[in-house]
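Residues per chain, in single letters:
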Amino acid sequence: MAAAAGLAGEDGSTRPTIFAEMSALAAATGAANLGQGFPDEDGPEWIREAAVDALRSGENQYPPRRGSAALRAAIAGHQLRNYGISLDPETEVLVTVGATEALTAALLALAGPGDEVVTLEPFYDSHAAAIAMAGATHVTVPLVPADGGFALDRAALDAAVGPATRLILVNTPHNPTGAVLARDELASIAAAAARADAIVVTDEVYEHLTFDGAEHVPFATLPGMRDRTITISSSGKTFSLTGWKIGWASGPAHLIEAITAIKQFLTYSGGAPFQSAIARALTEGDDDIVALKNTLNRRRELLLDSLTRVGFRTVRPQGTYFVCADATPFLTAGVPDGAAFARWLPGEIGVACVPLAAFCREGSESAGRLRNWVRFTFVKDDATLATAIERLAALRPTRAIDGG
């Protein structure tokens, strides 16, 4: 997983992430880039103008170490209004430079050599990188394609969580599969965490981007989990402002204090005018969230329909930006798996995607199960998506799918 995590290779070199590789290939071939999940369109103008106003009014120096008081209060208000989670903004909320910093600081603060950190598999690449930086051991639990979706392997969960488990990292809505873990799946994780006395760190950055009536259940709302859960989210996905890198962690004061001790030596603080704008967005931006969800849902349907029509077996995502698809019908002796297909597609068809096995540990059961799968994103403007759909129509199946 070193390539996907961006860690140093055996020769001491640092290798690019799979996203960087596929985006570079898309640029070199002129392909429509449905690989890397970043929006083509800016977030709401009024939120951007709020940042401009803050910049012009002098909010250009270091904000407080824990984040501006206004933003911490807005985060606490958001959690109470949406989920009934009561937080003290002074001691239980920490603003970070994106969710990635929050996750990394949490793992560095709470896990180390000799500890095991359990994640779902496939997993977002920064999760593996942060675990490696902490010196902890990465243990995975598969999400398995089943009945048109991805489901938690509960037997594997019970086997994975044990006396050495220090943290369980839960990502829902899930990148890369688009699964939204059901309440009973989360309850199984909660039971495992309680049994092992493990801390749960949740990556909930896609919390507002769910479809088909799927319910996002914050892990901290489960019985007995409030005092052992660090909840992480950000403004990037919710408001299509990924470049602002305004994220946050919330949870019990003693855990937030430990994470703050690490975070202050990563960036200390940042994004002062953006913090001011996001404080307003979290309190005034509910209509913008609904509008984004509706736009993404329409584009999700277009991409699903296109992929299904040309012959992919697809999984209908309940959340996030992504559609996972089995590329088996298009594989040949020269293009034998999803990784080869993803590298072949930009030059041959003019569309970029990402192989799903890049989100798995090398040689794992999940990597084998998903070796022919790829991931496409629909968080692109209408013109880019229309171009990609037109080009995908040129694909022709070479064989039938003969299993999962």
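These numbers come from a predicted model, not from an experiment.

To continue, consider the sheet that holds strand β2 (residues 93-97). The pairing of strands in a sheet happens through backbone hydrogen bonds and is either parallel or antiparallel. Strands sit in the order β2-β9-β8-β7-β6-β3-β4-β5 across an open sheet of 8 strands; the sheet is mixed. Each edge of the open sheet is held by one strand with a lone partner, namely β2 and β5 (149-152). Along the sheet, successive strands turn relative to each other by an average axial angle of 25 degrees, direction set aside. Bridge count for strand β4 (residues 137-146) against β5 is 4 bridges, and the pairing is antiparallel. Bridging across to β5, Val 144 finds its partner in Ala 151. Lying on the sheet, helix α4 (residues 69-83) is in contact with β2, β8 (229-234) and β9 (246-250); it crosses β2 at an angle near 115 degrees. Most of the contacts of helix α10 (residues 253-263) go to β2, to which it runs at about 25 degrees, and overall it touches β2, β7 (199-203), β8 and β9.

To continue, consider the environment of Ala 20. With respect to the helices and strands, the residue Ala 20 is situated in helix α2 (residues 18-29). Spatially, the C-alpha atom of Ala 20 lies 8.0 Å from that of Gln 36, the residues being 16 residues apart in sequence.

This brings us to unusual backbone geometry. In the segment running from Thr 172 into Pro 173, the intervening peptide bond is cis, with an omega of -10 degrees. Topologically, Pro 173 is positioned in the loop between β6 (165-171) and α8 (183-196). Here the amide bond leading from Asn 175 into Pro 176 is cis, since omega sits at 25 degrees, within 30 degrees of zero. Counting through the fold element by element, Pro 176 comes out in the loop between β6 and α8. Unlike most non-glycine residues, Ser 240 shows phi in positive territory, near 55 degrees.

Pairing within the open sheet is antiparallel, and its 4 strands lie in the order β10-β11-β14-β13. Unpaired on one side and paired on the other, β10 (313-315) and β13 (354-355) mark the two borders of the sheet. Bridge count between β10 and strand β11 (residues 322-326): 3 bridges; the pairing is antiparallel. Following the sheet pairing, Arg 313 is matched in β11 by Asp 326. Across the face of the sheet, helix α12 (residues 286-310) comes into contact with β10, β11 and β14 (373-377) while running at roughly 155 degrees to β10.

In this section: α8. With 14 residues, α8 ought to run about 20 Å at 1.5 Å a step, and its terminal C-alpha atoms sit 20 Å apart, in line with that. Residues of α8 that are buried include every one of Glu 185, Leu 186, Ser 188, Ile 189, Ala 190, Ala 192, Ala 193 and Ala 196, and no others. Lining the buried residues of α8 we find β5, α7 (154-160), β6 and β7.

Turning next to the packing of aromatic side chains. What the rule picks out here adds up to 14 aromatic pairs. Judged by centre distance (5.7 Å) and plane angle (80 degrees), the ring pair of Phe 312 and Phe 376 falls under edge-to-face. Of this pair, Phe 312 sits in the loop between α12 and β10 while Phe 376 is found in strand β14, placing the two residues 64 residues apart along the sequence. Phe 312 gets classed as buried once you look at its relative accessible area, which sits at 4%. Phe 376 gets classed as buried once you look at its relative accessible area, which sits at 0%.

Membership of the largest hydrophobic core comes to 99 residues, with the highest contact counts inside it found for Phe 150, Ile 168, Phe 312, Phe 341, Leu 345 and Phe 376. The leading source of residues in this core is helix α5 (residues 98-110), at 7 residues. Formed jointly, this core draws a minimum of three residues from each of two domains, domain 1 (2-42 + 288-393) and domain 2 (65-283). Setting aside residues no more than four positions away along its own chain, Phe 312 makes contact with Leu 307, Ala 325, Asp 326, Ala 327, Phe 330, Phe 341, Val 374, Phe 376 and Leu 395. In this structure, Ala 51, Leu 71, Ile 246 and Ala 279 belong to the second largest nonpolar core, which totals 24 residues.

Attention now moves to the side chain of His 127. Mapped onto the elements, His 127 comes out in helix α6 (residues 125-134). For His 127, a relative accessible area of 4% translates into the label buried. Residues in contact with His 127, not counting those within four places in the same chain, are Leu 103, Leu 107, Leu 169, Asn 171 and Asp 203.

Cut-offs applied
- Residues numbered from 1 in each chain as written.
- Predicted model: local features only at pLDDT ≥ 70, side-chain atom pairs only at ≥ 80, totals over all residues.
- Heavy atoms only, no water.
- Pairing = 2+ DSSP bridges.
- Helix = DSSP H or I, 4+ residues; strand = E, 2+ residues; numbered from the N terminus.
- Axes fitted to C-alpha atoms, helices over the stretch in contact; angles between N-to-C directions.
- Contact = heavy atoms within 4.5 Å.
- Expected span 1.5 Å × (residues − 1).
- Buried < 20%, exposed > 50% of the residue type's maximum accessible area, 1.4 Å probe, protein only.
- Phe/Tyr/Trp six-rings, centres within 6.5 Å; stacked < 30°, edge-to-face > 60°.
- Core = buried A, V, L, I, M, F, W, Y, C linked by side-chain atoms within 4.5 Å.
- Domains from an automatic or database assignment.

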